[in-house]
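Here is how the chains run, residue by residue.
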Amino acid sequence: QQKVQQSPESLTVSEGAMASLNCTFSDRSSDNFRWYRQHSGKGLEVLVSIFSDGEKEEGSFTAHLNRASLHVFLHIREPQPSDSALYLCAVSSLYQGGRALIFGTGTTVSVSP
Amino acid sequence: NAGVIQTPRHKVTGKGQEATLWCEPISGHSAVFWYRQTIVQGLEFLTYFRNQAPIDDSGMPKERFSAQMPNQSHSTLKIQSTQPQDSAVYLCASSTSGTGQLYFGEGSKLTVL
């Protein structure tokens, strides 16, 4: 069964500094990776989706996937205080006919002015 | 587009009572997912439907929990004989297909006293 883990558990960065989040998964056949953000008391907002090794950029968010090492990273460029939120990594395997995304436990990011 | 609508946003029940949570997916989306979110466990997959048919309920507790999708415009999650450990935010999501981007509602926060 797919296991998804995220690190660090929490992260504090200064406004404008790069923030880097790590996500590891256990199923090597996984090929559907998404990063979500959740502000306190709100629903999940998709940030970036990636399906093949390499990088995918969406605005100030860049996902980097390395399936050989079972890692997918999220880099937040020039974060603002409004980017303070819980960041969730989600992984699935398309070949399983649409199996639901399995989520990590998240990284809480705090951006200080 | 109103997004995924979940009701109620907050529900408080006494131990042993029944709780029913409602989800209205985005119009035209054929897949509906239910997740449970707690501080300790994070975001846990419960079940999902595609074209109203149950596809995967591997995350559903075997007792007391049931989900239905009687028509394409709504799904329900019912918890019988609620227990304090059922307290969580229950999130519903929909997508155009089982493998597409998930769009989440803002959740229903269940508190069992």
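Preceding this paragraph is the structure being described.
Now for a look at the structure at hand.

Thresholds applied
- Starting afresh in each chain, residues are numbered from 1 along the sequence in its written order.
- To label them, take the chains in the order written and letter them from A, then take the ligands in the order written and number them from 1.
- Local features in this predicted model are restricted to residues of pLDDT 70 or higher, and side-chain atom pairs are both shown and tallied only at a pLDDT of 80 or more, whereas totals for entire chains, interfaces and linings draw on every residue.
- Derived side-chain values reflect all non-hydrogen atoms in the structure, with water molecules and hydrogen atoms excluded from consideration.
- Working definition: helices are DSSP H or I runs of at least four residues, strands are E runs of at least two. Numbering for both runs from the N terminus.
- Radius of gyration here is computed from C-alpha atoms only, and the compact-globule reference equals 2.2 Å multiplied by the residue count raised to the power 0.38.
- Remark: exposure states derive from per-residue accessible area (1.4 Å probe, protein chains only) relative to the maximum for the residue type, with buried under 20%, exposed over 50%, and partly exposed in between.
- When checking whether two residues touch, look at their non-hydrogen atoms; a contact exists if any pair is within 4.5 Å.
- Residue-level accessible areas treat just the shown protein chains as cover; the underlying method is Shrake-Rupley with a 1.4 Å probe.
- Strand pairing is assigned whenever DSSP detects at least two bridges linking the two strands.
- Inter-axis angles, ranging from 0 to 180 degrees, are taken between N-to-C directions of lines fitted to C-alpha atoms, where helices are fitted over the stretch in contact.
- When two parts are brought into contact, each loses some accessible area as probed by a 1.4 Å sphere; the total of that loss over both is the buried area.
- Only one rule defines a salt bridge in this text: a Lys or Arg side-chain nitrogen within 4 Å of an Asp or Glu carboxyl oxygen.
- Polar contacts, as counted here, are pairs of nitrogen or oxygen atoms within 3.5 Å of one another; within protein the pair requires one atom able to donate a hydrogen and one able to accept it, and residues that are adjacent in sequence qualify only if both atoms are side-chain atoms.
- As a working rule, the residues Ala, Val, Leu, Ile, Met, Phe, Trp, Tyr, Cys and Pro are called nonpolar, Asp, Glu, Lys and Arg charged, and the rest polar, with Gly in that last group.
- Each nonpolar core is a collection of buried residues, namely Ala, Val, Leu, Ile, Met, Phe, Trp, Tyr and Cys, held together in the definition by side-chain atoms within 4.5 Å.

## Here's the deal with the overall build of chain B
A count of helices and strands for chain B gives zero helices and eleven strands. Radius of gyration (C-alpha) of chain B: 13 Å, near the 13 Å computed for a compact globule of 113 residues. Dimensions of chain B, computed from C-alpha atoms along their principal axes, come out at roughly 35 × 25 × 25 Å. Of all 113 residues assigned to chain B, the portion counted as buried reaches 47%. Excluding contacts between residues fewer than 6 apart, the proportion of contacts in chain B whose partners are at least 24 apart in sequence is 53%. Per element, the accessible surface of chain B, about 5500 Å² overall, is 48% carbon and sulfur.

## Concerning the sheet that holds strand 3 (residues 19-24) of chain B
Residue and element names in this part refer to chain B. Taken together, four strands build an open sheet; the order of strands is 1-3-8-7 and the sheet is antiparallel. This sheet does not close on itself; its edge strands, each paired only once, are strand 1 (5-7) and strand 7 (65-71). Across the sheet, the mean angle from the axis of one strand to that of its neighbour is 20 degrees, orientation sign disregarded.

## Describing the sheet that holds strand 3 (residues 19-25) of chain A
Sheet strands associate in pairs through backbone hydrogen bonding, adopting either a parallel or an antiparallel arrangement. All names here are of chain A. Overall, antiparallel pairing links the five strands, which are arranged 1-3-8-7-6 in an open sheet. Of all the strands in the sheet, just strand 1 (4-7) and strand 6 (54-58) have a single pairing partner and so form its edges. The average undirected angle you get between the axes of adjacent strands in this sheet is 20 degrees.

## Some points on the interface of chain B and chain A
With 20 residues of chain B in contact, the opposing surface of chain A contributes 21 residues. Taken together, both faces of the contact between chain B and chain A bury some 1500 Å²; the carbon and sulfur share is 50%. The interface formed by chain B and chain A holds zero salt bridges in total. Where chain B packs against chain A, one counts six residue pairs in polar contact (both at pLDDT 80 or more). Only strand 4 (31-38) and strand 5 (42-50) of chain B provide two or more residues apiece to the side of chain B that touches chain A. The biggest single contributor to the side of chain B that touches chain A is strand 5 of chain B, with four residues. Here the residues of the side of chain B that touches chain A sort into eight nonpolar, eight polar and four charged.

## Some points on the nonpolar core
If you look at the biggest cluster of nonpolar residues, it comprises 44 residues, and the most contacted ones within it are A:Trp35, A:Phe103 and B:Tyr35. Here this core gets seven residues from one element, more than from any other, and that element is strand 9 (residues 85-92) of chain A. Excluding residues that lie within four positions of it along the chain, B:Tyr35 makes contacts with A:Ala100, A:Leu101, A:Phe103, B:Leu43, B:Glu44, B:Phe45, B:Leu46, B:Val89, B:Tyr90, B:Leu91, B:Leu102 and B:Phe104. Judged by nonpolar contacts, the second largest core, of 19 residues, contains B:Leu46, B:Phe65, B:Ala88 and B:Tyr90.

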